[in-house]
Amino acid sequence: MSRTWLISAAAAAALLIGLGGAQAADKKLVVGFSQIGSESGWRAAETKTAKTEAEKRGIDLKISDAQQKQENQIKAVRSFVAQGVDAIFIAPVVATGWDSVLKEAKEAKIPVVLLDRQIETRDPGLYMTAVTSDTVLEGRVAGEWLAKQTGGTCNVVELQGTVGSSPAINRKKGFDEVVAKNPGMKIIRTQSGDFTRAKGKEVMESFIKAENGGKGICAVYAHNDDMAVGAIQAIKEAGLKPGKDILVVSIDGVPDIFKAMADGEANATVELTPNMAGPAFDALIAFKKDGKAPPKWIQTESALFTPDTAKAEYERRKDAY
Amino acid sequence: MTDPTPTASPPLLAIRGLSKAFLGVQALDGVDFTVRHGEIHALLGENGAGKSTLIKTLTGVYQRDAGTVTLEGRAIAPRGVEEAQRLHIGTVYQEVNLLPNLSVAENLFLGRQPMRFGLVDRGAMRRRARAVLMPYGLSLDVTAPLGRFSVATQQIVAIARAVDMSAKVLILDEPTASLDTQEVAVLFKVMRTLRSRGIGIVFVTHFLDQVYALCDRITVLRNGRLVGERRTAELPRLDLVAMMLGRELEAAAHRIALPADDAEEDARPPLVRFRGYGKARSVEPFDLDIRPGEVVGLAGLLGSGRTETARLVFGMDRADRGEAAVDGRAVRLRGPRDAIQLGFGFCPEDRKKEGIVGALSVRENIILALQARQGWLRPLPRRRQEEIADRFIRLLDIRTPHAEQPIQFLSGGNQQKALLARWLATEPRLLILDEPTRGIDVGAHAEIIRLIERLCADGMALLVVSSELEEIVAYSRRVVVLRDRRHVAELRGGEVAVDRIVAAIASEPAVAGEPRP
Amino acid sequence: MTRSVSGPSRTLPQYGALAAVLLANWLLFPDFFSIRLQDGRLFGSLIDVLNRGAPVALLAIGMTMVIATRGVDLSVGAVMAISGAVAATLTQAGWGLAPVLAASLAAGLLCGLWNGLLVAVLRIQPIVATLILMVAGRGIAQLVTEGQIVTFTSPGLAFIGSGSFLTVPMPVVITAILLGVTALLVRMTALGLMIEAVGVNRLSSAGAGVNTPVVLIAVYVWCGLCAAVAGLVVAADIRGADANNAGLWLELDAILAVVVGGTSLLGGRFGLLLSVVGALTIQAMNTGILLSGFKPEFNLIVKAGVLMVVLLLQSPTLTLFLPRPANPRPVRAPAKPESPSPSAGA
């Protein structure tokens, strides 16, 4: 510990005195990553991808699992500061309460990158950049695909995420924008499926019953793939064909939805890439090399995937998750 | 008893005409109580005498209905223990009312920590804590949590805190109840030291030996009234017991005859035999035989070890020494289940807490022990349960609208009869009854006594605890008398009489020597 | 399961609440009671209520007995996650159906045993004792699944969730069977009496010779088993084990179901069937809200409002106004008792 600290301190000192970026770049970059936890498959994939991306670039990545607690994250950041790492990545569990610990990092001249989620702060100078997806865009991409597929006429049932969560609000917002532009598109039922498979299935069952055995439903839009997987089972059990009688479009791009698409039971998914760390590393390396500050928000791609590539994508992802 | 000294200095604490009623029950009725400088004053009385009501009314936990309290001539009316402490009256309860998780020092200075620059000065607090405890002969780690020390030490810390907070009157409510002999000795030393410093100590206890070993004066309460105040040296034990029990006894009763052997008794082998049976801090080792068809009474003052003896015999509490045998074979009583398998039954003193299962029906309460003995896999058929319940309801004349009535809605006497039915249904060989007639109306009282006699006549062995001496005398063949957790006498045959029992209770301890005259 | 003592007025609020919620659903959604066959399986909103209510009903069966002993088991949701995780992981690893079922049920029993030992032997308060497993259990499940949703395709295991027996969905069949077995177990033996006795007064029961530790351990073990079955049903239903969400907060629904079913949290008398009715009432409410088309933001408020009405209906103060049942089987104590000879055999 103390030796690492000495080396890091020496490296930092070297940087400060201005011995030159090139010399410092020879040293392995050390990055501390305060991860929220492993509450979902996506989260696990994000951690895993971060590790492989770090390896690719020869970066020493130290991961600290906060087990869903901000206090643990704050502790982790303090410990990273004490170790004198070259940069700190945080996937913040909540949006507020970060100012004081980020100030400590800033005073230690350690750049901070937010991954996957934004924070609320009065001083945006406290972090270098945030790498997140645009959740509104995700909803819009899903909606646009559906509008195009159905010629702008479709009765949609919507499985919302957890009430009040920001991805649920934004993914609804993006989708609603497309619906507003297409007079033939209508959201006939919307309910929360809590982002879970079991609730997604239960809510879809009730939608099918409420809409005349599912005959009135053209498509289901689920705020995440897990709920879509549940909905697919509900559609099947009601004697209908998911992907044909009722179109299925969702967001996230987890392996199971690619499998469903390969089986012809789902139609499209918008990927929320678990590779948040990759762009962050690139921005960090660029910054260390020539001091070029990255933009305040690095947006990850929200790519749409359809059944034609599903099989290959499933094989590719199976192990990342 | 008014204070007879009208001279210059008023007594330390003078209570006059103190009264307190709860829901129409007069718990204290015009009680006078006086504590003088530098004395240890015993406050004695049996159950319901009003000792704890007196203390709680004095310290303002209860608001008094009438009466005055003066401390060194000044009228005071505290509204709680805290305020009483500020008015120089400190109270230490049996269950020490300090905070076990805090350190000894923190407990000593809780609410009055030495401050420095607006912060608690821990160094000063530790130093002062050591200084405060020094006179008590306690040198301990004052930073350790209080809960880590023995009850005796905790009590001394509580006393030290009270005295350090300038207590002039110190009330010790049964401080010795859970201490062993050595700890009692340490506590007494502390009390004597405090007495020599002029502090007036009120000592509430059940142990008469301790009263005579330590106290200068005795005040006895009975049924909420003052019976009298005496100097210890002028009050023979027998008179004290008589005052407590409310009996005028003839002078002839002052001698106790040694128990004469009764040849006829010993002819039959005992059903149960205990040798050197006892439990530390509960009851001293005793010998006890009970034969079939015999009622053995356990008599003694409250806290003398009667209930503890009964509980040991049933295995409710586990003995830590001695041997038990049933029918001449050694047995181990690890719990009520062992006792029940051996054919024992036990009606506890606290019916509500340890006897009845309130929300269950009379039927279920009656068959519970029988069912428990059979095990859960062999349920009594519903019809059989009803037969048993109906039979005992009739037999014992249990007044209930029907067998399915929750037992909690029955009167105390009928609850007691249902509990007796519970054990009779198991056809016990030994039935242990702890205060079987307490809190029971007159009619049921007589019925239960008749039942005890009949059961005995049918060949059952009974061990009965009662504070009603006439009652014990009426049905007991032998009476074991207890004092201060010790079996002190066994009366049999013609010796079984109220005055003999009282005399035995009041007898001097053989080893402790003469009390100072 | 309700005892002969409990007349119709004691159970009226419970059945009445269920009927009222079902009626309200029908008013909101006229097709609520329509049932048809779909692929040899009953299909309709009413079936959804039974089917979706099954996991909480299963939990409520075990929870009822724990609550009857004046305890509570907060760990059932986590135990569901563990049992589901074990089942899915082993199925994915290629185990057969029978050993998979045995392993997950054993996991539930083990969890119950742990809780039971903490409560009965170490005498830790139930709410604290089971809190340990509530927190740790989900972590254990996450370890088993490595934090992912483990999906399986085994038709055998899936049958438990979405198969049917004589057109009745399997979760409903399983719940009915477990209810029946449990009822037999407690009412055909003396276990029910002992559970109630321990719950009303542990000291008195011990004094009467009831083996209180064994009774306590037994109810927690059974509760763990019920939770494991519920976990299997949920995992089988979605064909995957979602360690993060399976059974999440369901312990609270189960406790609520028991309370709505009229068993007091203070222990004592319990009704297994009534707890299942309570679980169905809660589910009928959930299904009704989903069918109603209200905005999801209203879900919790509607639920809370209805529950308040149900619980008010059961409040002792209000039941005073309900008619009392006639006293069953009056046994008049005769004015003159017979000559007592109690030792003459019982």
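Residues numbered from 1 in each chain as written. Chains lettered and ligands numbered in written order. Predicted model: local features only at pLDDT ≥ 70, side-chain atom pairs only at ≥ 80, totals over all residues. Heavy atoms only, no water.

Before going further, it helps to spend a moment on the environment of Ala158 of chain B. Residues and elements named next belong to chain B. With respect to the helices and strands, Ala158 occurs in helix 5 (residues 151-164). Judged by its relative accessible area of 6%, Ala158 falls in the buried class. C-alpha separation for the pair Ala158 and Leu98, spaced 60 residues apart in sequence, amounts to 7.1 Å. (Helix = DSSP H or I, 4+ residues; strand = E, 2+ residues; numbered from the N terminus. Buried < 20%, exposed > 50% of the residue type's maximum accessible area, 1.4 Å probe, protein only.)

Right, let's get into the UniProt feature "domain: Periplasmic binding protein" (unreviewed entry) in chain A. Mapped onto this numbering, the UniProt entry annotates "domain: Periplasmic binding protein" (unreviewed entry) at residues 31-276 of chain A. In residues 31-276 of chain A, the share of helix is 43% and the share of strand is 21%. The end C-alpha atoms are 14 Å apart. (UniProt positions renumbered as here; feature names shortened; annotations may be inferred.)

Here we take up the environment of Met227 of chain A. All names here are of chain A. Along the polypeptide, Met227 turns up in helix 9 (residues 225-237). Note: C-alpha distance between Met227 and Asp282 (55 residues apart in sequence) is 33 Å. Sequence-distant contacts of Met227, defined by excluding residues within four places in its chain, comprise Leu159, Gln160, Gly161, Gly193, Asp194, Phe195, Thr196, Gly200 and Ala222. (Contact = heavy atoms within 4.5 Å.)

Our next topic: the packing of helix 4 (residues 122-133) of chain B against helix 5 of chain B. All names here are of chain B. Put simply, helix 4 and helix 5 touch, their axes get as near as 10 Å, and they point 100 degrees apart. By the angle between their directions, the pair helix 4 and helix 5 is classed as roughly perpendicular. For the pair helix 4 and helix 5, contact is made by Arg128, Val132 and Leu133 and by Val157, Ala160 and Asp164, respectively. (Axes fitted to C-alpha atoms, helices over the stretch in contact; angles between N-to-C directions. Parallel < 35°, antiparallel > 145°, perpendicular 65-115°, else oblique.)

Further remarks concern the confidence of the model for chain C. Residue and element names in this part refer to chain C. Per-residue confidence for chain C averages 87 on the pLDDT scale, and 88% of its residues sit at or above 70. Note that residues 1-7 has pLDDT below 50 and, in this model, 14 contacts with residues that lie over four places away or in other chains. Across residues 324-346, where pLDDT falls below 50, the model places 49 contacts with residues more than four positions away in sequence or in other chains. What the predictor reports for the complex is a pTM of 0.78 with an ipTM of 0.85. (pLDDT = per-residue confidence, 0-100.)

Here two pairs of chains make contact, and the pair sharing the most contacts is chains B and C. In this assembly chain A lies apart from chain B, the nearest approach of their C-alpha atoms being 26 Å.

Once that is clear, we can look at the domain arrangement of chain A. Residue and element names in this part refer to chain A. You can read the domains of chain A as domain 1 (30-133 + 274-300) and domain 2 (135-272 + 306-318). Computed over C-alpha atoms, the centres of domain 1 and domain 2 are 31 Å apart. Buried area between domain 1 and domain 2, summed over both chains or domains, comes out near 420 Å², and the portion from carbon and sulfur atoms is 56%. Sorting the residues of domain 1 by area buried against domain 2 places Trp42, Ser133 and Pro274 first, and these three jointly supply 81% of that buried surface. The interface formed by domain 1 and domain 2 includes zero salt bridges. At the junction of domain 1 and domain 2, the tally comes to two residue pairs in polar contact (both at pLDDT 80 or more). A class-by-class count of the residues in the side of domain 1 that touches domain 2 yields three nonpolar, two polar and no charged. (Domains from an automatic or database assignment. Buried area = accessible area lost by both parts, 1.4 Å probe. Salt bridge = Lys/Arg side-chain N within 4 Å of Asp/Glu carboxyl O. Polar contact = N/O pair within 3.5 Å; in protein donor to acceptor, adjacent residues only side chain to side chain. Nonpolar A, V, L, I, M, F, W, Y, C, P; charged D, E, K, R; others polar.)

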